[in-house]
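Examining the three-dimensional arrangement
One letter stands for each residue in the lines below.
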Amino acid sequence: MKSAGHLDREILETLWVPFNKISPTARSMTQAHRQEVYDDHMKDSNWKKLVGMDKFFLFSWRGCKFMPNITVPSLLKKYKNSNKCLEEMNEAYEQLTAVLDPDKVARWESDALRAEADRGEALDIYLLKGDKAPTFQEVWLQLMKNPKSPSGNVGSVAWLAEGISIEDSQDQLRSEIQQLPSPMSTRQEVKISGKRQRLSSRIENFHSNAQAFCKGLDIDGTFTPQDDPAFHGSDEEEHEDREFWDDDEGDWEAPEEEVEGLASELMSIWMPSSIGAAKLTELGLHDLLKEERKLRIGQANDCLDQPRTDLGNKAMLEGTRTKKEIQKVVARVNKHVRSYQRARQAILRLDPDGNMAEKYQEILPEDLAGTSKLAWFWVIDGEKSQLNVEAGGLMEEFYRINWLKARARRDRWKEEVSLVRHEMLWTGLWFEYHKKMWEQRALQLTEPGKEAYANKQMGLWSDFASKARLMFHGKQMDGI
């Protein structure tokens, strides 16, 4: 954002993290009581800041209720840091510009200026250009519109889509159960039992309908779903629907019947990919193979697109939001990664000899860690494996994006230096304003005690202003 400089996070949200420590004690309070507690803690926080300012002072005065000299060393520190960062960002920008084609740089400069002026969709120049991969819903719709082959079955696409939906529901239930305490409360057991029964009914109906599409193939569950434990999250993470499981008082009774056999969230779902491409081809189930492969590709595309958005949101939330808000984003990312891993495994079983393993690679925990190395799924391009590496392809896109970001970082620190210099000017003017205000009061007062206090305040603010001019000399904007 132009003229915003570089945000230093000196905002109200920084108090949310310490406030998390008192939130458990305030949950059972009435609204009025909770507001009073929060107000008391906020006032206590402000008081601690006030009485702790003197350790940062270059000089102090014990009689002043508001101690403004914290502003001076703070601005000097920001000025020093801003100039250092500007020098580094400018050097990086100049080095990158020197090795690029001047014509391309001129075109990118024009695009950047237009984006700053128009905003909105014009800011898409900072994104990698490429075709958007087809989503699960788009693939589903396309398969429904396609004419059926003589060997095909009406309703097979909806049946396959239901199987994929059941897998996601099982994953959701497993994740919810993992977040619950052991042993569960009665209310929680009731809710879990209800979800298990509904899910079990869906699985039974799904397998009964499978006979119509599998030409009499014996449907038998032979495996238990296994998700990568690296993307299950820790026990400390809050589930995004945690409030749903909060216990309350009430006369709830646990169901008498116990879940027999394997729990529904652990039951196997028979899909064509369960037996692999070779067996499907042998049985003549070519249409089911192609349909599930296309649906799985759409599922994988959806699961790759969502983490990119969530990881961007997570980067913006860090430092400005509570730990719980960030954990919700992490939980969503892990959920989509687990779904992607299931889709990828199915794709590889349905197309073992193709190039799908190269396009749909395995997602590792370090790919989501936000390191300096760009993960492979950031550059996947529509139906193609990756952006073209020829002219106008991947390399040019990376140079364009890196140059635009280097330019933006340099401009942000330029604005930050300018803003800090203006803040130095405004600080001096603020000190001068208070000096003149107390000077006028001293002239208007007739009582000796009040006049002496006004003269003391005038001397204090005059001292502030003179020392600010001395310390800001050669750094602030012209104006004093």
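Residues numbered from 1 in each chain as written. Predicted model: local features only at pLDDT ≥ 70, side-chain atom pairs only at ≥ 80, totals over all residues. Heavy atoms only, no water.

1. Let's talk about the packing of helix α6 (residues 136-145) against helix α7 (residues 156-179)
Helix packing geometry: the angle between the two helix axes and the distance between the axes. Inclusion rule: Between N-to-C directions, angles cover 0 to 180 degrees, with each direction set by a line fitted to C-alpha atoms, over the stretch in contact for helices. Starting at the N terminus, helices and strands are each numbered in turn, a helix being any DSSP run of H or I of at least four residues and a strand any DSSP run of E of at least two. In these notes the angle categories are as follows: under 35 degrees is roughly parallel, over 145 is roughly antiparallel, 65 to 115 is roughly perpendicular, and the rest is oblique. Crossing chirality is assigned from the near helix's rotation relative to the far helix, an anticlockwise turn below a right angle marking it left-handed and a clockwise turn marking it right-handed. Whether two residues are in contact is decided by their heavy atoms, any of which lying within 4.5 Å being enough. Ten residue types, Ala, Val, Leu, Ile, Met, Phe, Trp, Tyr, Cys and Pro, are classed as nonpolar, four, Asp, Glu, Lys and Arg, as charged, and the remainder, Gly among them, as polar.
Running from N to C, α6 and α7 point in directions that differ by 160°, and their axes come no closer than 10 Å. By the criterion of interaxial angle, the relationship of α6 to α7 is roughly antiparallel. With respect to the hand of their crossing, α6 and α7 are arranged in right-handed fashion. Contacts from Phe 136, Trp 140, Leu 143 and Met 144 in α6 reach Val 157, Ala 158, Ala 161 and Ile 164 in α7. By residue class, the composition of the contact of α6 with α7 is eight nonpolar, no polar and no charged.

2. Re the confidence of the model for the chain
Using the following cut-off: pLDDT expresses, on a scale from 0 to 100, how confident the predictor is about each individual residue.
Confidence in the prediction for the chain averages 76 pLDDT; 72% of positions are at 70 or higher. At the level of individual helices and strands, the chain shows its lowest average pLDDT in helix α1 (residues 16-19), which scores 74, and its highest in helix α8 (residues 186-210), which scores 90. Of the regions scoring below 50 in pLDDT, residues 50-68 engages in 22 contacts with residues more than four places distant in sequence or in other chains. Contacts from residues 384-391, a stretch scored under 50 in pLDDT, to residues over four places away or in other chains number 20 contacts.

3. Quick look at the packing of aromatic side chains
Cut-off, in case you're wondering: Side-chain rings of Phe, Tyr and Trp, where Trp is taken by its six-membered ring, are said to pair if the distance between their centres is within 6.5 Å; with planes under 30 degrees apart they count as stacked, over 60 as edge-to-face, and otherwise as tilted. Exposure categories follow from relative accessible area, calculated using a 1.4 Å probe and restricted to protein chains: below 20% of the type maximum is buried, above 50% is exposed, and the middle band is partly exposed.
Per the counting criterion, the structure on display carries 10 aromatic pairs. An angle of 50° between the planes, with centres 6.1 Å apart, marks the rings of Trp 108 and Trp 403 as tilted. Taken as a pair, Trp 108 in helix α5 (residues 102-118) and Trp 403 in helix α13 (residues 394-444) lie far apart in primary sequence, 295 residues in all. For Trp 108, a relative accessible area of 3% puts it in the buried group.

4. Concerning the environment of Ile 166
You can see Ile 166 is positioned in helix α7. For Ile 166 and Arg 202, which are 36 residues apart along the polypeptide, the C-alpha to C-alpha distance reads 7.5 Å. Once residues lying within four places of it in the same chain are set aside, the contact partners of Ile 166 are Leu 199, Arg 202, Ile 203, Phe 206 and Ile 269.

5. Topic: unusual backbone geometry
Excluding glycine, most residues fall at negative phi; most peptide bonds, likewise, are trans. The peptide bond linking Ser 182 to Pro 183 adopts the cis configuration, its omega dihedral lying at 0°. Even without glycine at this site, Arg 119 takes up a positive phi of about 55°. With respect to the helices, strands and loops of the structure, Arg 119 is situated in the loop between α5 and α6. Take Arg 119: its relative accessible area is 35%, and that puts it in the partly exposed class.

6. Observations regarding the packing of α7 against α8
The interhelical angle for the contact between α7 and α8, taken along N-to-C directions, is 155°, at an axis separation of 11 Å. Judged by the inter-axis angle, α7 sits roughly antiparallel to α8. Two packed elements cross with a definite hand, and for α7 against α8 that hand is left-handed. Residues Trp 159, Glu 162, Gly 163, Ser 165, Ile 166, Ser 169, Gln 170, Leu 173, Glu 176 and Ile 177 of α7 touch α8, and the partners they reach there are Ile 192, Lys 195, Arg 196, Leu 199, Arg 202, Ile 203, Phe 206, Asn 209 and Ala 210. Among the residues making up the contact of α7 with α8, the classes are represented as nine nonpolar, five polar and five charged.

7. Section: the nonpolar core
Selection criterion: Nonpolar cores were defined as sets of buried Ala, Val, Leu, Ile, Met, Phe, Trp, Tyr and Cys residues, with membership established by side-chain atoms within 4.5 Å.
Trp 159, Leu 288 and Leu 295 are the most contacted members of the largest nonpolar core, which has 28 residues in total. Of all the elements in the fold, those that place two or more residues in this core are α6, α7, α8, α9 (276-283) and α10 (286-317). Looking at which element gives the most residues to this core, the answer is α7, with seven residues. Apart from the residues within four sequence positions on either side, Trp 159 is in contact with Phe 206, Asn 209, Ala 210, Phe 213, Cys 214, Trp 270, Pro 272 and Leu 288. Core analysis: the next-biggest nonpolar cluster, separate from the first, contains 18 residues, Ala 300, Leu 311, Tyr 340 and Leu 368 among them.

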